[in-house]
Amino acid sequence: EVQLVESGGGLVQPGGSLRLSCAASGFTFSKYWMNWVRQAPGKGLEWVAIINQDGGDRHCVASVEGRFTVSRDNAKNSLYLQMNSLRAEDTAVYFCVRDDGHHSVDSWGPGTLVTVSS
Amino acid sequence: DFVMTQSPLSLPVTLGQPASISCRSSQSLVHSDGNTYLSWFQQRPGQSPRRLIYQISNRDSGVPDRFSGSGSGTEFTLKISRVEAEDVGVYYCMQGTQWPYTFGQGTKLEIK
């Protein structure tokens with residue numbers, strides 16, 4: 001069974017940094033593209049970042065470009081999101097999401113809440 | 001970026017009755033490989049999203065056959081043939097034809 005478990009969320013001040021982690025199990029992590037998707041409180045879903053199998057190809061949505069970096073460690077079956085210069089509008093639940101390799105996503109973690117506030 | 005527009009945003013339905021959600025894309029979702037990458041997700045209250053449908057009309061494993069997807073180009077529909085209590089939640093369409101993937105605003109299905 002595919003399992004994705006995020007960690008690292010919490011309360012951070014505007015301008016601060018946070019690193020999210022996602023532990024993957026139940027599948028061969030190194031064979032899949034992976035994504036981060038976020039959901040602001042009471043709002044819809046927003047794709048944040050994607051990374052390919054070896055980490056050499058990665059993309060972020062324009063609103064976080066230059067502030068967020070997605071990375072992975074296949075030896076540890078882990079996905080990361082380094083978030084710098086955080087803003088109030090980055091407040092959201094961040095989901096670790098597996099790409100199905102066919103332009104969609106098929107498995108979601110429970111999410112971790114990031115709150116940016118002074 | 002591709003803009004995905006859903007309607008209605010709120011959908012009250014009587015148990016056992018059908019329901020339909022529309023999703024429109026600002027551009028054609030036909031990929032250069034000929035496929036159309038439109039998926040549907042269900043998010044029950046307090047849960048993570050779950051994919052129901054991929055590539056317009058393919059149901060994921062374990063998804064009841066009362067859920068069906070259709071459409072082409074820029075217009076897509078998710079239909080529930082007979083709504084059950086467990087179908088309450090928010091439904092999202094998502095395009096994967098071009099990065100960034102983008103989602104519709106969500107349609108909240110509730111029981112009348």
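Everything below is about the structure printed above this text.
Let me sum up the structure you'll find in this document. In this text, all values refer to a predicted model and were calculated from it rather than measured experimentally. (Residues numbered from 1 in each chain as written. Chains lettered and ligands numbered in written order. Predicted model: local features only at pLDDT ≥ 70, side-chain atom pairs only at ≥ 80, totals over all residues. Heavy atoms only, no water.)

Residue and element names in this part refer to chain A. Here we have 4 strands laid out as an open sheet, ordered S1-S3-S8-S7, and antiparallel in their pairing. A strand with exactly one partner marks an edge of an open sheet, and here the two such strands are strand S1 (3–7) and strand S7 (68–73). Taken pair by pair, the neighbouring strands of this sheet meet at an average axis angle of 15°, ignoring direction. In this structure, S7 lies alongside strand S8 (residues 78–83), joined through 6 bridges in antiparallel fashion. When the sheet's bridge partners are listed, Thr69 is paired in S8 with Gln82. (Pairing = 2+ DSSP bridges. Helix = DSSP H or I, 4+ residues; strand = E, 2+ residues; numbered from the N terminus. Axes fitted to C-alpha atoms, helices over the stretch in contact; angles between N-to-C directions.)

Contact residues are listed per partner, giving 23 residues for chain A and 18 residues for chain B. Among the residues of chain A in contact with chain B, Leu45(A), Trp47(A) and His103(A) are the three that bury the most area, contributing 40% of the side total. At the surface where chain A touches chain B, the tally comes to 1 salt bridge. As a salt-bridge pair, Arg51(B) and Asp100(A) come within 2.8 Å of each other at their nearest N and O atoms. Remark: the boundary between chain A and chain B carries 8 residue pairs in polar contact (both at pLDDT 80 or more). Contributing elements (two or more residues each) for the side of chain A that touches chain B: strand S4 (34–39), strand S5 (45–51), strand S9 (92–99) and strand S10 (105–108) of chain A. Along the lines of polarity and charge, the residues of the side of chain A that touches chain B split into 9 nonpolar, 8 polar and 6 charged. (Contact = heavy atoms within 4.5 Å. Buried area = accessible area lost by both parts, 1.4 Å probe. Salt bridge = Lys/Arg side-chain N within 4 Å of Asp/Glu carboxyl O. Polar contact = N/O pair within 3.5 Å; in protein donor to acceptor, adjacent residues only side chain to side chain. Nonpolar A, V, L, I, M, F, W, Y, C, P; charged D, E, K, R; others polar.)

Moving on: the packing of aromatic side chains. Two aromatic rings are characterised by how far apart their centres lie and by the angle between their planes. Inspection of every chain in the model, using the stated rule, returns 8 aromatic pairs over all chains. Here Phe27(A) and Tyr32(A) contribute two aromatic rings whose centre-to-centre distance is 5.3 Å and whose plane-to-plane angle is 90°, an arrangement assigned as edge-to-face. Judged by its relative accessible area of 13%, Phe27(A) falls in the buried class. Put simply, the rings of Phe95(A), Trp108(A), Phe41(B) and Phe103(B) touch in pairs and so form one group of aromatic residues. Between Arg19(A) and the ring centre of Tyr80(A), over which it is positioned, the NZ or CZ distance is 3.9 Å. Here Arg72(A) stacks its cationic end above the ring of Phe29(A), 4.3 Å away from the centre of that ring. (Phe/Tyr/Trp six-rings, centres within 6.5 Å; stacked < 30°, edge-to-face > 60°. Buried < 20%, exposed > 50% of the residue type's maximum accessible area, 1.4 Å probe, protein only. Lys NZ or Arg CZ within 6 Å of the ring centre and 35° of its normal.)

All names here are of chain B. Here we have 4 strands laid out as an open sheet, ordered S1-S3-S8-S7, and antiparallel in their pairing. Of all the strands in the sheet, just strand S1 (4–7) and strand S7 (67–72) have a single pairing partner and so form its edges. Direction aside, the axes of adjacent strands within the sheet are offset by 20° on average. In the sheet, S7 pairs with strand S8 (residues 75–80) via 6 bridges, with the strands oriented antiparallel. Bridged to Ser68 within S8 is Lys79.

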